[in-house]
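Here's the letter readout for the chains.
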Amino acid sequence: MGQKRIAIFGSTGSIGTQALDVIAANPDLFSAEILTAQSNDVLLIEQALKFNPNTVVIGDERKYAAVKEGLKHTDIKVFAGEKAIHEVASLDCYDMMLAAIVGYAGLKPTLRAIELGKAIALANKETLVVAGDIIMRKAMEKRIPIIPVDSEHSAIFQCLVGEGRNKIEKIILTASGGPFLGKKPNFLVNVKKDHALQHPNWSMGAKITIDSATLMNKGLEMIEAKWLFNLNYDQIQVMVHPQSIIHSMVQFEDGSIKAQMGMPDMKLPIQYALAFPNRIPNDFPRYDFKKPGTLTFEEPDIKTFRNLALAMEAMRQGGNMPCILNAANEIAVYAFLRNRIGFLDMTEVVEQTMQKIPFLETPTLEEYFETDGEARNFAASLIHM
Ligand code: NAD
Ligand code: MG
């Protein structure tokens, strides 16, 4: 087996840097050929000098000169700007894209890679939330695999290996519950960003950490699972499992349940997606059954964590509703991170935007883009009031 050439879109993020750790540990198996980042020029230069990719792109055009200067003694191609991030997805120099940009911004380059028949390791869940029908249809047409990196979806994917046409009765998506498990609205109303950014089990980028605290992350993951595994609304159950050892489960038609377990460490699902269908040895920490501990499960409190209820509703309605939910949520989360709105206000922004933006049952790709823009503008107008 030759080296698999990887393009990391979002190389400076939490997923991107951990993926580079996996690549560095397995130089015979993988090379990094494209690295893209939005604004962290210093880290991008450092990564490029270490991995010697074919191409790097910095999203923020003001940083172009700095990146060019930092790589002047190399033959690495340097580009800048949002358009360049989309365009380098068309290059021949890679086999698999690791889609690790955060948010809606990850959609267009991923779509481009799918259209060119590249394999996809998908971390960017928002891509499937916004336009899952189109993404999955195009992937099917091109016969390319979309291998999930999200730990829950990697778990389900792993449980399905070897099952052929055996039907899924339902999946059980596990949720850690986040830092505010068991808390009520009278507590949540006063939560500030520093507290919300402290996740008990996972260390992740800021946006997904806030989504984990509000349980929106689990809602986005339900929609992601629906598209990845072709499930109906009522086949997806969420259970809070605070220890994050069981990463998710599949229940088959005979009632048998398969679970995938391990320590909460994103390097494992990243490595699995890059190396699929192979498993490769590593020295990541192992779960020890001899250590005292219990695995517990409880139902999520969707009356308190209403974002999860809103995401379920968006999934039930379908059409452009998940796209509206996602756009409003991105605006709300960034406003919360800038201390512009409170923790519970995020839900208000999402709910009001879902009520306001016209529903489309079977949007085209263009209509998804338009919906995203309209929903963002409306959500932002609520915050600036
Ligand atoms: P992060 O914020 O740490 O990193 C995001 C990356 O995307 C950075 O490299 C950044 O430069 C780039 N980026 C940000 N905005 C951009 C834009 N507008 N255009 C182009 N590039 C942009 O995020 P993360 O935690 O690594 O998450 C990445 C994705 O993976 C998210 O969709 C998230 O939901 C998903 N995911 C993350 C984890 C995790 O453990 N971090 C787990 C499961 C899924
Ligand atoms: Mg997850």
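If you're wondering where the values come from, they're calculated on a predicted model, not measured in any experiment.

A. Layout of the overall build of the protein. A tally of regular secondary structure across the protein gives 16 helices and 11 strands. Here the protein has a C-alpha radius of gyration of 20 Å; the compact-globule value for 385 residues is 21 Å, and the two agree. Considering only C-alpha atoms, the protein reaches an extent of 55 × 55 × 40 Å along its principal axes. Relative to its 385 residues, the protein shows a buried fraction of 55%. By sequence separation, contacts in the protein at least 24 residues apart represent 67% of the contacts at least 6 residues apart. Counting only carbon and sulfur atoms, one obtains 51% of the accessible surface of the protein, whose full area is about 17300 Å². Distance from the positive charge centre (40 side chains) to the negative charge centre (45 side chains) of the protein: 2 Å.

B. Molecular detail of empty space enclosed by the protein. Taken as a whole, this structure holds 2 cavities of 30 Å³ or more when the rule is applied. The calculated volume of the largest cavity comes to roughly 60 Å³. Taken together, Ser151, Ser154, Ala155, Gln158, His247, Gln260, Met263, Asp265, Leu268 and Pro269 form the lining of the largest cavity. Taken together, the elements giving at least two residues each to the lining of the largest cavity come down to α7 (151-160) and α12 (267-275). By residue number, the principal contributor to the lining of the largest cavity is α7, which donates 4 residues. Here the residues of the lining of the largest cavity are counted per class, giving 4 nonpolar, 5 polar and 1 charged. Grouping the constituent residues of the lining of the second largest cavity by class yields 3 nonpolar, 4 polar and 1 charged.

C. Molecular detail of the site of ligand 1. Near ligand 1, the surroundings consist of 22 residues, among which Thr12, Ser14, Gln38, Glu126 and Gly205 are the closest. At a separation of 2.7 Å, an oxygen atom of ligand 1 approaches a polar side-chain atom of Glu126. Looking at the shell around ligand 1, the elements that each hand over two or more residues are α1 (14-25) and α6 (125-142). Residues that form the shell around ligand 1 fall into these classes: 11 nonpolar, 8 polar and 3 charged.

D. A look at the sheet that holds strand β8 (residues 168-175). The 4 strands lie next to each other as β9-β8-β10-β11, forming an open sheet whose pairing is mixed. Bordering the open sheet on either side are β9 (236-240) and β11 (257-261), each of which pairs with just one other strand. Adjacent strand axes in the sheet meet at a mean angle of 20° when their direction is disregarded. Pairing analysis gives 5 bridges linking β8 to β9, with the strands arranged parallel. Looking across to β9, one finds that Leu173 is bridged to Val238. Helix-sheet contacts for helix α11 (residues 216-229) involve β8 and β9, and the interaxial angle to β8 is about 155°.

E. The domain arrangement of the protein, seen in detail. The domain architecture assigned to the protein consists of domain 1 (4-148) and domain 2 (318-385). Computed from C-alpha atoms alone, the centre-to-centre distance between domain 1 and domain 2 is 26 Å. Of the residues lining the interface, 12 residues belong to domain 1; the matching set on domain 2 comes to 12 residues. Interface area, domain 1 with domain 2, both sides summed: about 950 Å², of which 67% is carbon and sulfur. The largest contributions to the domain 1 side of the interface with domain 2 come from Tyr104, Val129 and Val130, which together make up 50% of the buried area. Where domain 1 meets domain 2, there are 0 salt bridges. Our count for the contact surface shared by domain 1 and domain 2 stands at 2 residue pairs in polar contact (both at pLDDT 80 or more). Those elements giving two or more residues to the side of domain 1 that touches domain 2 turn out to be α5 (107-115) and α6. The element that contributes the greatest number of residues to the side of domain 1 that touches domain 2 is α6, accounting for 6 residues. Its residues assigned to classes, the side of domain 1 that touches domain 2 comprises 8 nonpolar, 1 polar and 3 charged.

F. Summary view of the coordination of the magnesium ion (ligand 2). Coordination of the magnesium ion (ligand 2) by the protein comes from Asp150 (OD), Glu152 (OE) and Glu221 (OE), over a distance range of 2.0 to 2.2 Å. Here the donor residues of the magnesium ion (ligand 2) share one chain and are spaced in sequence as D-x1-E-x68-E. In this pair, Glu152 is assigned in helix α7 and Glu221 in helix α11, connecting sequence segments 69 residues apart. According to the relative accessible area criterion, Glu152 is buried, its value standing at 7%.

G. Fine view of the packing of helix α10 (residues 206-214) against helix α14 (residues 321-337). Contact geometry of α10 with α14 gives a least axis separation of 10 Å together with a crossing angle of 100°. By the criterion of interaxial angle, the relationship of α10 to α14 is roughly perpendicular. Mapping the contact onto sequence places Ala206, Lys207, Ile210 and Asp211 in α10 and Asn326, Asn329, Glu330, Val333, Tyr334, Phe336 and Leu337 in α14. Among the residues forming the contact of α10 with α14, the class breakdown is 6 nonpolar, 2 polar and 3 charged.

Calculation criteria
- Residues numbered from 1 in each chain as written.
- Chains lettered and ligands numbered in written order.
- Predicted model: local features only at pLDDT ≥ 70, side-chain atom pairs only at ≥ 80, totals over all residues.
- Heavy atoms only, no water.
- Helix = DSSP H or I, 4+ residues; strand = E, 2+ residues; numbered from the N terminus.
- Rg over C-alpha atoms; globule rule 2.2 N^0.38 Å.
- Buried < 20%, exposed > 50% of the residue type's maximum accessible area, 1.4 Å probe, protein only.
- Contact = heavy atoms within 4.5 Å.
- Areas by Shrake-Rupley, 256 points an atom, 1.4 Å probe, with all protein chains shown as cover.
- Lys, Arg positive; Asp, Glu negative; His and termini not counted.
- Charge placed at Lys NZ, Arg CZ, Asp CG, Glu CD.
- 1 Å grid on protein atoms, 1.4 Å probe; cavity = no way out; pocket = protein on both sides within 12 Å on 5 of 7 lines; lining within 4 Å.
- Points joined across faces, edges and corners; volume = space filled by probe spheres on them.
- Nonpolar A, V, L, I, M, F, W, Y, C, P; charged D, E, K, R; others polar.
- Near = heavy atom within 4 Å.
- Polar contact = N/O pair within 3.5 Å; in protein donor to acceptor, adjacent residues only side chain to side chain.
- Pairing = 2+ DSSP bridges.
- Axes fitted to C-alpha atoms, helices over the stretch in contact; angles between N-to-C directions.
- Domains from an automatic or database assignment.
- Buried area = accessible area lost by both parts, 1.4 Å probe.
- Salt bridge = Lys/Arg side-chain N within 4 Å of Asp/Glu carboxyl O.
- Donors = N, O, S within 2.8 Å, 3.2 Å for Na, K, Ca; no water.
- Parallel < 35°, antiparallel > 145°, perpendicular 65-115°, else oblique.

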